[in-house]
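Descriptive structure summary
Residues per chain, in single letters:
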Amino acid sequence: MAAVVLHSAENVLFALDTPAAVPVTPAEAYVKGWFVWQNAPEFELRLALDGTEVCAFTGLARPDVARHHQNNPAFKYSGFVARFSRPAIPSAAKLFVRTPEKEILLAEQIQVPVLEPSVSRPLPLPGGPLVSVVLSIPQGAHPYLVMRAIESLRRQTYARSEICLIGHRPAFLEDLDHIALHESAAQARGEFVLFLDYRDELAPTALEELAARLADDVDLVYADEQEIDFYGHPAGRFTKPAFDPEAFLSWNYVGKGAAIRRNLLGGAEGDSWAVLRDVVRSAGPARVRHLPNALYYSRKGDELVAPLARETPSSPPFTEPGVTVESGLFPGSFRLRRAVPAGIRIGVVLRPEDGAFQRAALAPLIDARQVTVYDATPAGVTEDVYIFINRPLDTVNHFFLDELAAQALREECGIVTGISLDRKGRILHSGLRRDTTGRLTDSFTGLSFRAADLPNELNVVRSVDAISDEFFAVRRGISPQLARTGDRSVLVTPYAVATFDIMSEESMSEEPPEEQSALDAASRLRQIASERNYLKRELASARETLAKLEASRCQDLKTRIRELEATLETERQIGRDLQNSASWKLTAPLRACLRLVRGK
Amino acid sequence: MNDQPLPAVTTVRVAPSDITASNLACQSAWKPGHDLLLLDPDAEISQDFLAEMQAVLHLHERHAAVSPLAVRETGIFERISPLLPRYSRAPAALPACVLIKAEIIERLGFFDEIFHSFHAALDDFVCRINRRGYSSVTANRTYALFDRQNDPSEPDRDLLLYRYPEYEHKFAFYDNFERDPVEQFAILSAPHRPRILYDLFHLTPSHSGTSDFGLNLLRELWKQADGEFELFVGTHLAERFFMHELAGYRIYDDAARADEMFDLAFKPSQPLSWTELRRLDRLAPRVSFTLLDLIGVRCDYLNSPARQFVLQRAAKLSDYVFALSAFAASDFNAFFAESVPFHTIHLGTNYGRTPDELLPGEHVLVVGNNFAHKGVTEALAYLGTQPDIVVLGGKPEPAASHVRWLASGDVSRQHMRDLFSRARVVVYPSYYEGFGLPVIDALALGKPVIVLDSAVNRELDASFANRNLHRIATLSALPGVLDQLLRTEPTPAPEMRRWPDVAAEYLNAFRMLFRRDWDVGKMRERRAFLRALAASD
């Protein structure tokens, strides 16, 4: 506990956690602490700075203080915070309690950081759609949070907006006349609606930047989220992917702060996953845009001050026969598990040049009643799904074949791949997306698949613009080259992972492990020599294989020529036999007559 | 128990959300000398509950309040009640139905109306009587169908915690250690598809025999048990070293889902810490694991008192313990002077399943890491300057500059397969193994394998009856045997034991375990043991 100021005569206990004010934005700062006045009369905790006063928000949870005082409940909600504008010149603030009868000074000479110069911005152009920001305030919402949300709306650089409160207006909002009070979001007048959680804030330029994207051909725009702590300091950032309807089935990455065309909301009172699903279904994926700027400030809970527990969905709002829903690979995501129907035949096509052990690598997964392995593209199409593997396999995950086949069998799937790794676990390929310049890129190539902070996007089934040929699956009747025609998608599933026995550039340029660098030069030389010998042997083996391959191909050609020659000779013999036959000789006059008739 | 007639009972219907009304009802209805029965009007109680509850209440002077067993359905009660003692001590009474002894009311009064709910006031009452040396108990031969877990509101909880700092701790300790495991896992007694936790929390980020065993067995178990069991893999989602093979399994991460329950917690390795044993015990009424080997406790430089003790107790306290070999089992029992009934299931191999793998030999492959018991350094010393030696495992040693030495952790699976396929002879000079996966891998490829003449290798020899397995008495015999083998053709590879065979045996054991009733004595013994450890911590 920080030093406690005791006003024994008044039975006041108080401590300031921040002896100097803490800057939170270039224009604002705050002080915080805790304050208990048992049997207190009506009072206000206020902060005075340069002749102006602000009221502090009290009643914040301080379980740490309560614990320090033997779990005394009087201390449980003793926290306060006063947030205020920073002065232009160095100043000091004072904190005091005011009752109808008197004032008690708690602290003075609190140093406050001065206002930081802000970057001048051009005034936004007039016009643009009207945006309604709908703020739903539940009973018991803490005034600090609500006021922070409203303050963030008041600081918006976009003028054509309205704030709509759903439900009741708390007493502390009585003075704010410009806020419309509605009973439902449907009463909002804006062309677009944005739902702001009372615990969150918007970046000052949020509405302006969103409005700039709201055009006739757009029905929903969502931006990245900036996580902030209870007091408003930036924490992590949630960078969202571009809109992908496939990934949206198992992960609600659109999340908070989407501007949604009002007439698509159908009276919805929030932007839950189910609501967003309905909007996207009505609008179509092409009318959804992602704005890669962090415009929505999502307030993170603070275990001490306010946990701010948010509900996480227990299942996605999508159901489909034959699909079971399981927990996904990260919190908030789901796996929609699809089974391969009984009787489905799977063909796995390998390349002979990938080495002798391709079949061996897959052998534990192969059920001969269902799966046939080919060493080259089969002449006829007899299987329901074909899985092509075009690199030397090291390992695959246990569900590799099942997952690829199950995804390929989906009506909406044109072609599907998974995640390809190199020997060191670096990502070789995970699907290609077209960037703003139209170039196809895989932004995850080179990342370590073993890293704990792998982007969430990689851990859900998603659609991409194209894939490379490491491995993929298609169902019968779809040509891999034409897989993306019509409504069919190119999918990438994280539940099919192939590790190839090759090294990516990233792995080769990796720093050697510490142990290895500690080896002396002689050891390294020995290792290099050893590797060289091995490579020589590998090279010799490869040459031998190549020679055998060439030899077998030459042999094949010679055999074919012999077969053709034999066939030709047979045909000739038939001709000769015919000309020597009695019937041919007997019909010679008839043929002569025919020639005369034809004029020859 | 005295022979006095039991007192009369005053019954009061409580209003769960209105403590003032409930208190008023109690005060007006209760007569001195009567036990007080409080009932939630919505609760469904078993017939003849009152006689049994009152009997339990008056079994001992210090029993102050008694509640029936809370269950979700009568079937569960019928299954678990016979397994429970007549009564158990409980940190709280059940708001749905509680019988309070007359003298307690006379001495300590009714409920404190400062609370907002009857539930909180009852918790306060139980804490109050407990501070005066009385207990609340559960009568396990009666039940109340009660599925509501209305915890006290936050202000009520704060006040309880202020008055009784032990309030939260006693519930946590009860849930973790005091509660009868039969009651904890009661829900699992209802008919359902058995759920198995396949515990891989022990895997470290490197390939090893332990990880090979764990992953190969898992794959085959899934293939054979899909539909029959629900299989979950226990691992930390953040530790992704093996995720390239595990992708697609249902993952149980105890950091995220602490309240899961399984019918069986199985670990394809031996528990080496209390945390691991505690996890198995906490998650399932049946605990099983596979004993790999005892090298970590036999060698003093690897051993620690905790590790040795954990291993010994885990084997005794588990429902079913597998061993990789009869040797590993006998080694355990000899070392600890125990007679744990291990069930030996040998390992299998993925090698040699395709003709492409059967390649002519080129080099001599020596397998083993730098641990002294692996015998690699000594084997290399005996092999001298023998050409074309490849060592797989551990780190290169300066004295072995003439050999190609590959650390197994850096070698890809295919490279390893290649090394075995192109081996002329495989030397596995280990002094101690629980099984020795490289032996069966090499034999599956038709490679001659030289091993020391040890109990485990004699066991494998007898089991595989493979003429390519050559046992030598000492490593000094290695050059001679190797020389002879290099000059003779190896025997063609016979069909070897495969992982599906191994999984089938494990599955049969699991099925047998599920047919058996819970071993309640073992469950309680395990819990009591872990409680003693927690208490002494």
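Residues numbered from 1 in each chain as written. Chains lettered and ligands numbered in written order. Predicted model: local features only at pLDDT ≥ 70, side-chain atom pairs only at ≥ 80, totals over all residues. Heavy atoms only, no water.

**A short note on the interface of chain B and chain A**
As a reminder of what qualifies: Contact criterion: two residues are considered in contact whenever any of their non-hydrogen atoms come within 4.5 Å of each other. In short, buried area is how much 1.4 Å probe accessible area vanishes from two parts on joining, totalled over both. Counted as salt bridges are all cases of a side-chain nitrogen of Lys or Arg within 4 Å of a carboxyl oxygen of Asp or Glu.
In this complex, chain B contributes 50 residues to the contact, which on the side of chain A involves 51 residues. In total, chain B and chain A occlude about 4,300 Å² of area from one another, counting both sides; carbon and sulfur atoms represent 53% of this. For chain B, the biggest contributors to the area lost against chain A are Arg-240, His-244 and Gln-414 of chain B; these three give 17% of the whole. At the junction of chain B and chain A, the tally comes to three salt bridges. Here Asp-158 of chain B ties to Lys-76 of chain A by a salt bridge, and the two come within 2.7 Å at their closest N and O atoms.

**Considering the confidence of the model for chain B**
This is how it is decided: Confidence of the predictor at the level of single residues is captured by pLDDT, which takes values from 0 to 100.
The pLDDT averaged across chain B works out to 91; a share of 97% of its residues lies at or above 70. Predicted as a complex, the structure gets a pTM of 0.83 and an ipTM equal to 0.87.

**A word on the sheet that holds strand E15 (residues 363-367) of chain B**
Residues and elements named next belong to chain B. As a reminder, the rule being used: Here, strands pair whenever DSSP counts at least two bridges between them. Runs of E in the DSSP output that reach at least two residues are strands. Runs of H or I that reach at least four are helices, and both are numbered from the N terminus. All axes here are fitted lines through C-alpha atoms, helices being fitted over the stretch that makes contact, and every angle between N-to-C directions spans 0 to 180 degrees.
Ordered in space as E17-E16-E15-E18-E19-E20, the six strands form an open sheet in which the pairing is parallel. The sheet terminates laterally at strand E17 (404-406) and strand E20 (469-472), the two strands that pair on one side only. Looking at each pair of strands side by side, their axes are set apart by 20 degrees on average, direction ignored. Where strand E18 (residues 423-428) and strand E19 (residues 449-452) come together, three bridges link them in parallel fashion. Counted as the bridge partner of Val-427 is Ile-450 from E19. Of the strands in this sheet, E15, E18, E19 and E20 touch helix H17 (residues 437-444), which is tilted by about 155 degrees from E19.

**Regarding the sheet that holds strand E9 (residues 230-234) of chain B**
Residue and element names in this part refer to chain B. With parallel pairing, the seven strands of this open sheet are ordered in space as E10-E9-E8-E11-E12-E13-E14. Either end of the sheet is taken by a strand with one partner, and the two such strands are strand E10 (250-252) and strand E14 (343-344). With four bridges connecting them, strand E11 (residues 264-267) and strand E12 (residues 286-291) associate as parallel partners. The residue of E12 that forms the bridge with Ala-265 is Val-287.

**Section: the pairing of strand E7 (residues 135-145) of chain B**
The side chains of a regular strand alternate between both faces of the sheet. All names here are of chain B. Filter applied, for reference: Exposed residues in this analysis have more than 50% of their type's maximum accessible area, buried residues have under 20%, and partly exposed residues fall in between, with area computed by a 1.4 Å probe over protein chains only.
Among the 11 residues that make up E7, nine are buried, leaving the element largely enclosed by the rest of the structure. In this structure, strand E3 (residues 44-45) lies alongside E7, joined through two bridges in antiparallel fashion. Paired with Ile-45 across the two strands is Ala-144, which belongs to E7. Note that strand E4 (residues 63-71) and E7 share eight bridges and pair parallel. Counterpart to Val-71 in the pairing with E7 is Leu-145. In the sheet, strand E5 (residues 87-90) pairs with E7 via four bridges, with the strands oriented antiparallel. Residue Arg-89 lies in a different strand from E7, and its bridge partner there is Val-137.

**Thoughts on the environment of Thr-349 of chain B**
Inspection of the secondary structure puts Thr-349 of chain B in the loop between E14 and E15. Once residues within four sequence positions are removed from consideration, Thr-349 of chain B is found in contact with Ile-440, Asp-441, Ala-444, Met-496, Arg-497, Arg-498 and Trp-499 of chain B.

**Here we look at the state of the cysteines**
Residues and elements named next belong to chain B. Basically, it comes down to this: Criterion for a disulfide: a pair of cysteine sulfur atoms at a distance within 2.5 Å.
All told, the structure shown has zero disulfides over all chains when counted by the stated rule. With no disulfide of its own, Cys-26 lies 13 Å from the sulfur of Cys-97, the closest cysteine sulfur. Given the relative accessible area of 0%, Cys-26 is considered buried.

**As for empty space enclosed by the protein**
Residue and element names in this part refer to chain A. To keep it simple, the criterion reads: Within this scheme a cavity is a closed region of a 1 Å grid, computed over the protein atoms alone, that accommodates a 1.4 Å probe without allowing it to escape, whereas a pocket is open but has protein on both sides within 12 Å along at least five of seven lines; lining residues each have an atom within 4 Å of a point. Grid points are joined across faces, edges and corners, and a volume is the space filled by probe spheres set on the points. Amino acids outside the nonpolar list (Ala, Val, Leu, Ile, Met, Phe, Trp, Tyr, Cys, Pro) and the charged list (Asp, Glu, Lys, Arg) are all regarded as polar, and Gly is one of them.
As enumerated under the stated definition, the model contains two cavities of 30 Å³ or more in all. For the largest cavity, the calculated volume is near 90 Å³. Around the largest cavity, the lining is made up of 14 residues, and of these Ser-250, Leu-336, Arg-338, Gln-407 and Val-461 lie nearest the centre. Counting only elements with at least two residues in the lining of the largest cavity, the list comes to strand E21 (334-338) and helix H7 (400-408). In terms of residue count, E21 provides more of the lining of the largest cavity than any other element does, four residues in total. Here the residues of the lining of the largest cavity are counted per class, giving six nonpolar, three polar and five charged. Approximately 30 Å³ is the volume attributed to the second largest cavity. Around the second largest cavity sit Pro-241, Ala-242, Asp-244, Ala-247, Tyr-253, Arg-433, Glu-457 and Arg-462, which together line it. Considered class by class, the residues forming the lining of the second largest cavity number four nonpolar, no polar and four charged.

**With respect to the pattern of salt bridges**
Residues and elements named next belong to chain A. Within this structure, the stated rule accounts for 86 salt bridges over all chains. Where Glu-569 meets Arg-576, a salt bridge forms, and the shortest distance between an N and an O atom there is 3.0 Å. Under the relative-accessibility criterion, Glu-569 is labelled partly exposed at 37%. Salt bridges here are not isolated pairs; linked through shared partners, they connect Glu-28, Arg-83, Arg-148, Glu-151, Arg-155, Glu-201 and Arg-299.

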